[in-house]
Amino acid sequence: MMSSEEWEDVPTDPDWESDLGYEMEELTVVKSSTDSQLIFLPEHESQLGEEEFIVIHSDSLRDLRR
């Protein structure tokens, strides 16, 4: 976890990997039967844990591909 001093040194538009220490993971997207909810699952079951879940409303989804 970053200290407040380290956080303040992070650029306004940080690189998610080198500046923040995140690693890109392949996720499987599963739609609910009503298509009103999506479930994002890690590629490997061994990576499945409470901290692995993303819960958002479908209106919050944005396509970030350029």
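Residues numbered from 1 in each chain as written. Predicted model: local features only at pLDDT ≥ 70, side-chain atom pairs only at ≥ 80, totals over all residues. Heavy atoms only, no water.

1. Here's the deal with the overall build of the chain
Turning to step 1, where the next piece is worked out: Helix and strand content of the chain: one helix and two strands.
Turning to step 2, where the next piece is worked out: Its helices and strands taken in sequence order, the chain reads α-β-β from the N to the C terminus.
Turning to step 3, where the next piece is worked out: Put simply, of all contacts in the chain between residues at least 6 apart along the chain, 2% involve residues at least 24 apart.
Turning to step 4, where the next piece is worked out: Surface accessibility of the chain: about 6500 Å² in total, with carbon and sulfur atoms responsible for 49%. (Helix = DSSP H or I, 4+ residues; strand = E, 2+ residues; numbered from the N terminus. Contact = heavy atoms within 4.5 Å. Areas by Shrake-Rupley, 256 points an atom, 1.4 Å probe, with all protein chains shown as cover.)

2. As for a negative patch on the surface
Turning to step 1, where the next piece is worked out: A cluster of acidic residues, Asp13, Asp15, Glu17, Glu23, Glu25, Glu26 and Glu43, forms a negative patch on the protein surface.
Turning to step 2, where the next piece is worked out: Looking at the secondary structure, you find Asp15 in the loop between helix H1 (4-9) and strand S1 (27-31). (Patch = residues over 30% accessible without salt bridge, like charges linked within 9 Å, V, L, I, M, F, W, Y side chains within 5 Å. Salt bridge = Lys/Arg side-chain N within 4 Å of Asp/Glu carboxyl O. Lys, Arg positive; Asp, Glu negative; His and termini not counted. Charge placed at Lys NZ, Arg CZ, Asp CG, Glu CD.)

3. Topic: the environment of Phe40
Turning to step 1, where the next piece is worked out: With respect to the helices and strands, the residue Phe40 is situated in strand S2 (residues 38-42).
Turning to step 2, where the next piece is worked out: Judged by relative accessible area, Phe40 falls into the buried class, the value being 15%.
Turning to step 3, where the next piece is worked out: When the C-alpha atoms of Phe40 and Val30 are compared, they prove to be 6.4 Å apart, with ten residues separating the residues in sequence. (Buried < 20%, exposed > 50% of the residue type's maximum accessible area, 1.4 Å probe, protein only.)

4. Section: a nonpolar patch on the surface
Turning to step 1, where the next piece is worked out: On the surface, Trp16, Tyr22 and Met24 cluster together to form a nonpolar patch covering roughly 380 Å² of accessible area.
Turning to step 2, where the next piece is worked out: For Tyr22, a relative accessible area of 52% translates into the label exposed.

5. Looking at the confidence of the model for the chain
Turning to step 1, where the next piece is worked out: Of the residues in the chain, 83% reach a pLDDT of 70 or more, and the chain-wide mean stands at 76.
Turning to step 2, where the next piece is worked out: Taken element by element, the chain is modelled with least confidence in S2, mean pLDDT 78, and with most confidence in H1, mean pLDDT 84. (pLDDT = per-residue confidence, 0-100.)

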